[in-house]
Amino acid sequence: MTWLTVPRDWIASFGEIAKFCGRVIALVWSGRVFVFFGEALRQAGILILGSTLVIWGLAFILGLQCGIEGAYFSRSVGAPANAGVFSAWCDLREIIPYAFGYMMAAKVGTGLVAEIGAMRISDEIDALEVMGISSMTFLCATRLLAAWMVLPFVYIAAIGAGFLASYIAVVQQIGEVSSGGFFLIFWMFQNPPDLLYSLIKGMAMATLIVLVGAYYGYTASGGPVGVGTATAKSMVLNVVGVHVVGMLGTQVFWGANPRAPIGG
Amino acid sequence: MVRALADRAFLPTKSVLEQVGDMMILTGKTIWSALRPPYPYGGEFVNQFLFALRLCWLPLLISTVAISYGAPGLQAGNFLVLFGALDRLGGFFVLTSIREFGPSVTAIILAGVAGTAITADLGARKIREELDALQVLGVDPVKNLVVPRFLALMIVTALFDIYAIIFGIVGGMLATVSFGAPLGPFFSTLLTNASVTDLWGSVAKTTIYGAIIAIVACYKGMTASGGAEGVGRSVNQGVVITFLGIFAFNYVFTQTLLATHPEISIIK
């Protein structure tokens, strides 16, 4: 373990990961995954039952955080009635995508590595291949399709959880602005395209996380210990990926145009 | 039927409460055996410290620059440009980089990189029954494995917080430069608004984050079971619990700090 282990690992496996992601996306895109549509639906069910609550929970906690920081900040500039601006931008544009990405990486990404990795270790993947079932389609592509089917709705509900939390923090907890005053400013500073951009950002993170998780699980080796190590490694790449995707999204969607109802 | 429904609601709650209780007990045991002589954990402490340092420096660097260039840099910068007050971005970075994003991103990276590695390592030892072997040899796993990780992560997380703040400010500089503005006003408002309270608040917060990460990671690693999938599962559960715990604690801490130190939110 030297100082450059992490970057060397990334560079060494970058091509492999890109190739793997390309193949899985092609399987979904070409429609071959629909052979196993039932499995995709089952995975979607697992995603809904297993992961939505914690994702909303984290979005809620971070929404509270945005709310109090916004309330104290707008008080300090002498405009406590404008806490809604801070909440609207902080929640919708930045924090909810990050909260979603973090929890996806933690819950879904590592879960995929643990699950698929265990199948690899116990030779179940080879067994699938022997039976003539394309393991990559059955295990990886179905999960990506399930994520694409379910996560947009989970994400929009997470935004709702964040908004609710900010409302509670600003209006009920700090209480320096009335409910109507908060919502007037809050809705003035966002519009449907903002929601769409935020959704694109969240889905880009989710796609990356599912693919990275599937890659590390699919290529796990070295017994039970190997599964644990692969899980930890996937988390390293995922948390960095979430931040980079978040930054690129902000730069592309809001970098040159603040999209604020102020001035010309 | 009623019994099955009640079990379905009751058993998960019970297991969550049991786990929280177990982690509290582990925390107490860890602190107790850290303070009580003998102190055999020096070498392991240095190893774990360097391990976390080597693993986290690059992910943390990339993440802090990216998040502070995007979230506070571009978004707040865009807002301030509308009022012709981009120089105020420096003051805003006290709020974002020092108070919020620095500690939070440090915690996310440490939990995601070092915490998962610790869980995987201890989980592997548990599965291979090395922990039982240690106990048979009369070596206390808490004292020799958990204590050094606990102390190393507390210190390394607090130190990494400073590192994250520095690179967060680099992200802010990049944003300022991308708006074509000079850096002088950025630093002038940054340094007039920064206060010692903010800095110690940030470092105190991350020290406790480090403790949370270490305890959850060690607990989940030492209780791993169930073969190949077991270790992966405990890494998964460990990182989820850590994230929720860290942000719940962050909310309480930030709220208390802001409410009890009103002078830090005055803009100078």
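An account of the accompanying structure is given in this report. (Residues numbered from 1 in each chain as written. Chains lettered and ligands numbered in written order. Predicted model: local features only at pLDDT ≥ 70, side-chain atom pairs only at ≥ 80, totals over all residues. Heavy atoms only, no water.)

### Examining the overall build of chain A
- Each helix and strand in chain A was counted, giving eight helices and zero strands.
- Considering only C-alpha atoms, chain A reaches an extent of 70 × 45 × 35 Å along its principal axes.
- Per-residue burial for chain A yields a buried fraction of 58% across its 264 residues.
- The contacts in chain A between residues at least 6 apart in sequence include a share of 86% that link residues at least 24 apart.
- If you sum the accessible surface of chain A, you get close to 10100 Å²; carbon and sulfur atoms cover 71% of it.
- Here chain A contributes 13 positive and 13 negative side-chain charges, whose respective centroids are spaced 4 Å apart. (Helix = DSSP H or I, 4+ residues; strand = E, 2+ residues; numbered from the N terminus. Buried < 20%, exposed > 50% of the residue type's maximum accessible area, 1.4 Å probe, protein only. Contact = heavy atoms within 4.5 Å. Areas by Shrake-Rupley, 256 points an atom, 1.4 Å probe, with all protein chains shown as cover. Lys, Arg positive; Asp, Glu negative; His and termini not counted. Charge placed at Lys NZ, Arg CZ, Asp CG, Glu CD.)

### Here we look at the environment of Ala124(B)
- You can see Ala124(B) is positioned in helix H3 (residues 89-127).
- Of the residues examined, Ala124(B) reaches a relative accessible area of 3% and is grouped as buried.
- For the pair Ala124(B) and Leu145(B), spaced 21 residues apart in sequence, the C-alpha separation works out to 13 Å.
- Once residues lying within four places of it in the same chain are set aside, the contact partners of Ala124(B) are Val225(A) and Val231(B).

### Brief notes about the state of the cysteines
Residues and elements named next belong to chain A.
- A full pass over the atoms with the stated rule returns one disulfide over all chains.
- Through a disulfide, cysteine 66 is tied to cysteine 90; the S-S separation comes to 1.9 Å. Negative torsions about the S-S bond denote left-handed disulfides, and the value of about -65 degrees found for cysteine 66 with cysteine 90 makes this one left-handed. Of this pair, cysteine 66 sits in helix H2 (residues 37-76) while cysteine 90 is found in helix H3 (residues 83-121), placing the two residues 24 residues apart along the sequence. Note on accessibility: cysteine 66 and cysteine 90 belong to one class, buried.
- The thiol of cysteine 140 is unpaired, and the distance to the nearest cysteine sulfur, on cysteine 21, comes to 10.0 Å. (Disulfide = S-S within 2.5 Å.)

### Topic: the nonpolar core
- Of all hydrophobic cores here, the largest spans 147 residues; its most connected members are Phe100(A), Tyr102(A), Met104(A), Leu151(A), Leu153(B) and Phe243(B).
- A per-element tally of this core places H3(A) first, with 22 residues.
- Every residue in contact with Met104(A), bar those within four places of it in the chain, is listed here: Ile55(A), Gly109(A), Leu151(A), Ala206(A), Ile209(A) and Val210(A).
- Counting twelve residues, the second-largest nonpolar core is a separate cluster that includes Ile68(A), Ala71(A), Ala165(A) and Leu257(B). (Core = buried A, V, L, I, M, F, W, Y, C linked by side-chain atoms within 4.5 Å.)

### With respect to helix H8 (residues 223-254) of chain A
- Compared with an ideal rise of 1.5 Å per residue, which puts 32 residues at 46 Å, H8(A) spans 46 Å between its outermost C-alpha atoms and is within 8% of the ideal.
- For H8(A), the buried fraction is high: 23 of the 32 residues fall into the buried class. (Expected span 1.5 Å × (residues − 1).)

### Section: the packing of aromatic side chains
Residues and elements named next belong to chain A.
- Overall, the coordinates contain 36 aromatic pairs over all chains when judged by the stated rule.
- Plain terms: the ring middles of phenylalanine 163 and phenylalanine 186 are 4.7 Å apart, the flat faces sit at 85 degrees to each other, and that makes the pair edge-to-face. With phenylalanine 163 in helix H5 (residues 135-174) and phenylalanine 186 in helix H6 (residues 179-188), the pair connects residues that are 23 residues apart, well separated along the chain. Grouping residues by exposure puts phenylalanine 163 and phenylalanine 186 together as buried. (Phe/Tyr/Trp six-rings, centres within 6.5 Å; stacked < 30°, edge-to-face > 60°.)

### Quick look at the packing of H3(A) against helix H7 (residues 192-218) of chain A
Residue and element names in this part refer to chain A.
- Closest axis-to-axis distance for the H3/H7 pair is 8 Å, and the angle between their directions is 20 degrees. By the angle between their directions, the pair H3 and H7 is classed as roughly parallel. Crossing of H3 against H7: the hand is right-handed.
- Of the residues belonging to the contact of H3 with H7, the class tally is 18 nonpolar, seven polar and five charged. (Axes fitted to C-alpha atoms, helices over the stretch in contact; angles between N-to-C directions. Parallel < 35°, antiparallel > 145°, perpendicular 65-115°, else oblique. Left-handed = near helix turned anticlockwise from the far one by under 90°. Nonpolar A, V, L, I, M, F, W, Y, C, P; charged D, E, K, R; others polar.)

### Quick notes on H2(A)
Residues and elements named next belong to chain A.
- The first and last C-alpha atoms of H2 sit 54 Å apart over 40 residues, in line with the 58 Å expected at 1.5 Å per residue.
- Its axis deflected by about 45 degrees at serine 51, H2 carries its strongest bend there.
- Taken from the residues just after H2, glycine 78 is the one with a positive phi, measuring 75 degrees. (Bend = angle between axes of the 7 residues up to and from the residue.)

### Some remarks on the interface of chain A and chain B
- With 60 residues of chain A in contact, the opposing surface of chain B contributes 58 residues.
- At the boundary of chain A and chain B, one finds one salt bridge.
- Residues Glu69(A) and Arg99(B) are paired through a salt bridge, measuring 3.6 Å at the closest nitrogen-oxygen approach.
- On the surface where chain A and chain B come into contact, there are 14 residue pairs in polar contact (both at pLDDT 80 or more).
- Within the residue set of the side of chain A that touches chain B, elements represented by two or more residues are helix H1 (5-29), H2, H3, H5 and H8 of chain A. (Salt bridge = Lys/Arg side-chain N within 4 Å of Asp/Glu carboxyl O. Polar contact = N/O pair within 3.5 Å; in protein donor to acceptor, adjacent residues only side chain to side chain.)

Any link to function would need more than the numbers given here.
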